[in-house]
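# Structural overview
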Amino acid sequence: MGGSASSRSVGFVGLGAMGYHMAGHMARRHQCFVWNRSADKAQRHSAEFGSTAVERLEQLAASEVVVFCLPTSAEDEAIVEQVAPHLSRDACVISCTSGAPAATRRMAASLRQRFGVNLLDCPVSGGPKGAAAGSLTCMLGSDCPAATQRALPVVESFAKKVVHCGPVGAGHAVKAVNNALNVSHLMLGAEGLLALQRLGVDPAVALEAINGASASIASAPSE
């Protein structure tokens, strides 16, 4: 089973391509409750990693820290309204979603005012392979030192590097720029290969050369 007598109670929402493995790493260090829209995936996670699958979001109530790994801020907002009323004051919700900074700041202020719950943003980069390896880079946004200290041991269970980028919303802002740079790099690479093809260079040969040089397309940051 995951966790130990000295571990904390944590929750995880969203067992997608990355979240499934992130929650797995959490379950190795903490008592981890998992919820997913498809309940069978939560049950499979429980069997594989020793987490505890829950069918209702209110069953995450005992968690000191709840991690979200959802598609967008819209899903964050919908789910947090169902989770936050059941959490204790000073509990932490960590959004690993690639969210919108303004929405994150708005949610954080509302949760703190209404429930005394802290929202931190902590989007991740490294892709499914990084999630499986526990080697993700995390971009943390938090303006509450106490909440940061509670959140870090949980985040560090699935991350190789955690950078505190600034107040709430800063992590999502940095991730947005990271994604823009990633896409720009890939677009430039594609245009470059097309130009080389017009000059009679085999794109596969060009890519092999470039990926061994300083402009490696393979080194573009992962999602």
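Residues numbered from 1 in each chain as written. Predicted model: local features only at pLDDT ≥ 70, side-chain atom pairs only at ≥ 80, totals over all residues. Heavy atoms only, no water.

## Here we look at the overall build of the protein
Helices and strands together make up the secondary structure of the protein, namely eight helices and nine strands. Dimensions of the protein, computed from C-alpha atoms along their principal axes, come out at roughly 65 × 35 × 30 Å. By residue count, 47% of the 223 residues in the protein fall in the buried class. Pairs at least 24 residues apart make up 66% of the contacts formed inside the protein by residues separated by at least 6 positions. In the form shown here, the protein has an accessible surface area of approximately 10700 Å², with 57% of it arising from carbon and sulfur atoms. Taken as two groups, the 18 positive and 17 negative side-chain charges of the protein have centres that lie 4 Å from each other. (Helix = DSSP H or I, 4+ residues; strand = E, 2+ residues; numbered from the N terminus. Buried < 20%, exposed > 50% of the residue type's maximum accessible area, 1.4 Å probe, protein only. Contact = heavy atoms within 4.5 Å. Areas by Shrake-Rupley, 256 points an atom, 1.4 Å probe, with all protein chains shown as cover. Lys, Arg positive; Asp, Glu negative; His and termini not counted. Charge placed at Lys NZ, Arg CZ, Asp CG, Glu CD.)

## Comments concerning the UniProt feature "domain: 3-hydroxyisobutyrate dehydrogenase-like NAD-binding" (unreviewed entry) in the protein
In the numbering adopted here, UniProt assigns the feature "domain: 3-hydroxyisobutyrate dehydrogenase-like NAD-binding" (unreviewed entry) to residues 169–216. Annotated as 77% helix and 0% strand, the span residues 169–216 places its first and last C-alpha atoms 31 Å apart. (UniProt positions renumbered as here; feature names shortened; annotations may be inferred.)

## Concerning the environment of serine 46
Along the chain, serine 46 falls in helix 2 (residues 39–49). For serine 46, a relative accessible area of 22% gives the class partly exposed. Put simply, serine 46 and valine 93 are 47 residues apart on the chain and 21 Å apart in space, counted from C-alpha to C-alpha. Leaving out residues up to four positions away in the same chain, serine 46 has contacts with Ser51, Thr52 and Ala53.

## Looking at helix 2
Restricting attention to buried positions, one finds in helix 2 the residues Ala42, His45 and Phe49. Viewed along the axis of helix 2, the buried residues span an arc of 55 degrees, placing them on a single side of the element. Exposed residues on helix 2 whose side chains face more than 90 degrees from its buried face are Asp40 and Ala47. Packing partners of the buried residues in helix 2 comprise helix 1 (19–29), strand 2 (31–35) and strand 3 (52–53). Glycine 50 occupies a position one or two residues after helix 2 and carries a positive phi of about 80 degrees. (Arc of directions from axis to C-beta.)

## Examining the UniProt feature "domain: 6-phosphogluconate dehydrogenase NADP-binding" (unreviewed entry) in the protein
UniProt feature "domain: 6-phosphogluconate dehydrogenase NADP-binding" (unreviewed entry): in the numbering of this structure it lies at residues 10–166. Helix makes up 42% of residues 10–166 and strand 25%, with an end-to-end C-alpha separation of 24 Å.

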